[in-house]
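Listed here are the chains, written in short residue letters.
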Amino acid sequence: MSQFDLVILGGGSGGYACALRSAQLGLSVALIEADKVGGTCLHKGCIPTKALLHSAEIADGAREGSKFGVKSTFNGIDMDGVNLYKDGVISRLHKGLQGLVKSRNITYIEGHGKLVSKDTVEVNGERYTGKNIILATGSYARTLPGLEIDGKQIITSDHGTKLDYVPKSVIVLGGGVIGCEFASVWKSFGSEVTIIEGLPHLIALEDESSSKQLERAFRKRGINFELGVKFKSASQSKKGVTITLEDGKEFTADLLMVSVGRGPVSANLGYEEQGITMDRGYVIVDNKCRTNVPGIWAVGDLIPTLQLAHVGFAEGMLVAEEIAGLNPRPINYDGIPRVTYSDPEVASVGLTTAEAKKRGHDVVELSYDLAGNGKAQILGTAGSIKLVGEKDGPILGVHMVGARVGELLAEAELIFNWEARATDVASLIHAHPTLSEAMGEAHMALAGKPLHAHG
């Protein structure tokens with residue numbers, strides 16, 4: 001059979017979510033993937049980096065045991081052991097995903113597919129026709145002009161998740177989410193780390209208060225960073241890599257990791273030839289992920305929405321449900337939770353103060369310091385929960401910094417997406433002592449009845 005309701009090109013987060021949901025809804029599906037099902041997120045991105053971050057957390061725990069009355073010593077990092085643990089996690093998740101795809105009767109084709117007409121994809125010399133074509137070819141790690149990635153001295157995050165040694169010194173070019181996560185890992189592993197970021201702040205898409213707190217925490221940890229100056233050039237020698245900035249400053253390290261964002265994988269796949277509207281390599285879609293060509297859809301990192309695995313999942317499921325006639329609601333991208341899993345973590349949902357003001361909201365703000373939270377004191381973490389609200393209206397944004405705050409996002413996401421007011425949350429009782437209590441305390445303070453905060 002080579003005729004399907006959906007032919008999906010790309011088996012990463014967006015593609016496989018679309019395949020699983022479509023099959024669940026009784027549609028016939030062909031899923032085409034050039035590498036391994038699970039894509040960047042499972043094999044090179046979210047999962048391996050978070051495993052490395054967990055190893056880093058354990059290294060710090062061993063190093064700092066005496067703070068908690070535990071006699072532990074840190075004897076170094078065994079990268080073979082770290083990679084064995086990390087690859088074990090990936091392999092278990094990969095097997096589980098392969099099993100899911102098989103159990104839903106999805107036709108899975110391994111190979112490099114290309115769009116050859118408005119309803120046909122060619123792969124391994126075979127043609128597969130679909131009433132609907134879903135483009136989900138994902139993204140790749142970008143570099144800058146004149147900066148050649150050699151995979152040895154100059155690497156991207158793809159190589160970073162597979163390193164078999166701990167570099168003595170690293171320059172991380174780019175202080176976004178990926179750059180900050182790797183800087184955090186390498187510092188915990190014992191490397192000398194310098195981040196170079198052309199924008200005025202680390203994680204510049206977050207609320208400025210979160211960026212400043214992360215910078216303060218990184219400074220305290222001994223992670224160096226240079227902000228607001230752009231990269232000019234790089235040179236390599238046996239000693240390592242030297243980079244020069246536009247203001248003439250030079251930095252040298254054993255390794256340079258380029259983390260300047262991810263670009264869409266769309267070249268030479270036949271998209272333009274079928275008349276699909278593109279912009280700088282991205283496929284342009286409407287709020288239901290339709291391209292301008294009837295029957296062709298696009299999801300995930302290939303379209304210019306937030307490049308996050310959970311966004312890919314949501315877009316893939318949206319397309320499946322739209323094709324099945326369920327008329328799902330479009331995604332509210334403001335309501336998507338975002339996390340940087342460095343130490344400390346940074347997590348947010350909704351609007352920053354600047355964005356809320358720009359959109360004309362009458363903004364009230366409140367910052368609750370985690371110093372007043374029992375569990376934060378137990379964990380020995382600093383940070384805060386900042387609320388951005390509409391005066392006498394709903395919460396517009398929640399911005400958090402501190403250990404494990406990513407786990408508090410579920411409640412923050414409900415608060416934002418259900419348009420709760422501070423008074424709604426203030427009347428809910430949070431378990432003591434938990435970090436989640438800080439969410440309750442912040443809303444109590446904003447509602448004018450602080451308990452463990454000065455109001």
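Note that the structure is a prediction, hence the values are computed from the model and not measured. (Residues numbered from 1 in each chain as written. Predicted model: local features only at pLDDT ≥ 70, side-chain atom pairs only at ≥ 80, totals over all residues. Heavy atoms only, no water.)

**Q** In this structure, what is going on with the overall build of the protein chain? I would like to understand it.
**A** Looking only at helices and strands, one finds 13 helices and 24 strands in the protein chain. Relative to the 2.2 N^0.38 estimate, which gives 23 Å for 455 residues, the radius of gyration of the protein chain is 23 Å and therefore close to what a compact globule would have. Its C-alpha atoms give the protein chain principal-axis dimensions of roughly 65 × 60 × 45 Å. The 455 residues of the protein chain split such that 51% are buried. (Helix = DSSP H or I, 4+ residues; strand = E, 2+ residues; numbered from the N terminus. Rg over C-alpha atoms; globule rule 2.2 N^0.38 Å. Buried < 20%, exposed > 50% of the residue type's maximum accessible area, 1.4 Å probe, protein only.)

**Q** How should the sheet that holds strand β11 (residues 224-227) be read in this particular structure?
**A** Within a beta sheet, neighbouring strands are joined by backbone hydrogen bonds and run either parallel or antiparallel to one another. Strand order in the open sheet formed by 5 strands is β8-β15-β9-β10-β11, and the pairing between neighbours is parallel. Edge positions in the open sheet fall to β8 (154-155) and β11, since each of these has one partner strand only. Taken strand by strand, helix α6 (residues 177-189) contacts β8, β9 (169-173), β10 (192-197) and β15 (255-258), and its axis lies near 165° from that of β10. (Pairing = 2+ DSSP bridges. Contact = heavy atoms within 4.5 Å. Axes fitted to C-alpha atoms, helices over the stretch in contact; angles between N-to-C directions.)

**Q** How should the sheet that holds strand β12 (residues 231-237) be read in this particular structure?
**A** Here we have 3 strands laid out as an open sheet, ordered β12-β13-β14, and antiparallel in their pairing. Two strands close off the open sheet at either side, each with one partner strand: β12 and β14 (250-253). Strand-to-strand twist in this sheet, taken as the mean axis angle between neighbours without regard to direction, amounts to 20°. Pairing between strand β13 (residues 240-245) and β14: 4 bridges, direction antiparallel. Counted as the bridge partner of V241 is A253 from β14.

**Q** Looking at this model, I keep getting lost on the packing of helix α3 (residues 46-63) against helix α4 (residues 79-103). Mind explaining?
**A** A packed helix pair is summarised by two numbers, namely the angle formed by the two axes and the spacing between the axes. Close contact between α3 and α4 brings their axes to 9 Å; oriented N to C, the two are set at 140°. By the angle between their directions, the pair α3 and α4 is classed as oblique. Once α3 is placed against α4, the crossing between them reads as right-handed. Residue-level inspection shows I47, P48, A51, L52, H54 and S55 of α3 in contact with α4, the latter providing V82, Y85, K86, V89, I90 and L93. (Parallel < 35°, antiparallel > 145°, perpendicular 65-115°, else oblique. Left-handed = near helix turned anticlockwise from the far one by under 90°.)

**Q** Sorry, what's going on with the packing of α3 against α6 here?
**A** Where α3 meets α6, the closest approach of the two axes is 8 Å, and the angle between their N-to-C directions is 35°. The two elements α3 and α6 cross, and the hand of that crossing is left-handed. Contacts between α3 and α6 involve T49, K50, L52, L53, S55, A56, A59, D60 and R63 from the first element and E181, F182, S184, V185, K187, S188 and F189 from the second.

**Q** What am I meant to see in the layout of surface pockets here?
**A** Where empty space is left becomes clear once a probe the size of a water molecule has been rolled over the atoms. Of the pockets and cavities examined, the second largest pocket occupies roughly 1,500 Å³. In terms of lining residues, the second largest pocket is bounded by 46 residues, among which D343, P344, G380, T381 and A403 are the most central. Among the elements of the structure, α3, α4, α6, α7 (208-221), β22 (363-369) and α10 (374-379) are those that each provide at least two residues to the lining of the second largest pocket. The leading source of residues in the lining of the second largest pocket is α3, at 11 residues. Of the residues belonging to the lining of the second largest pocket, the class tally is 19 nonpolar, 12 polar and 15 charged. (1 Å grid on protein atoms, 1.4 Å probe; cavity = no way out; pocket = protein on both sides within 12 Å on 5 of 7 lines; lining within 4 Å. Points joined across faces, edges and corners; volume = space filled by probe spheres on them. Nonpolar A, V, L, I, M, F, W, Y, C, P; charged D, E, K, R; others polar.)

**Q** Is there a simple way to explain the environment of D334 in this structure?
**A** As for its position among the elements, D334 is in the loop between α8 (309-323) and β20 (338-340). Judged by its relative accessible area of 23%, D334 falls in the partly exposed class. Considering only alpha carbons, one finds D334 and G316, 18 residues apart in sequence, at a separation of 18 Å. Dropping the residues within four chain positions of it, D334 is found in contact with V349, G350, L351, R359 and F416. One polar contact links D334 to R359, side chain to side chain, over a distance of 2.8 Å. (Polar contact = N/O pair within 3.5 Å; in protein donor to acceptor, adjacent residues only side chain to side chain.)

**Q** I tried to follow the environment of L255 on my own but got confused; where do I start?
**A** Along the polypeptide, L255 turns up in strand β15. A relative accessible area of 0% means that L255 is categorised as buried. Separated by 87 residues in sequence, L255 and K168 place their C-alpha atoms 8.4 Å apart. Leave out the neighbours within four places in its chain, and L255 touches K152, Q153, I155, L163, Y165, P167, S169, V170, I171 and W186.

**Q** So what exactly am I meant to see when it comes to unusual backbone geometry here?
**A** A negative phi angle is the norm for most residues apart from glycine, just as the trans form is the norm for most peptide bonds. For the bond from D343 to P344, the omega torsion is 0°, close enough to zero to count as cis. Positionally, P344 belongs in the loop between β20 and β21 (345-350). Cis geometry marks the peptide bond from H432 to P433, where omega comes out at -10°. Residue placement: P433 occurs in the loop between α12 (422-426) and α13 (436-446). Even without glycine at this site, I203 takes up a positive phi of about 30°. In this fold, I203 is placed in the loop between β10 and α7. Positive phi, close to 50°, is recorded for R280, a residue that is not glycine. Secondary-structure assignment places R280 in the loop between β17 (278-279) and β18 (282-283). With a relative accessible area of 68%, R280 lands in the exposed category.

**Q** I keep staring at the pattern of salt bridges and nothing clicks. Help me out?
**A** Opposite charge on two side chains permits them to pair, given that their charged atoms come into close proximity. On inspection of all chains with the given rule, the structure shows 19 salt bridges. In this structure, D87 and K86 form a salt bridge, with 2.9 Å as the shortest nitrogen-oxygen distance. The class for D87 is partly exposed, based on a relative accessible area of 39%. Judged by its relative accessible area of 3%, K86 is buried. In this structure, K358 engages E355 in a salt bridge whose closest nitrogen and oxygen atoms are separated by 3.6 Å. Remark: E355 and K358 occur in helix α9 (residues 353-358); sequence separation between them is 3 residues, near one turn of the helix. Each of the salt bridges in this network shares a partner with another, and the network as a whole consists of D286, K288, R290 and E322. (Salt bridge = Lys/Arg side-chain N within 4 Å of Asp/Glu carboxyl O.)

Keep in mind that these numbers describe shape and distance, not what the molecule does.
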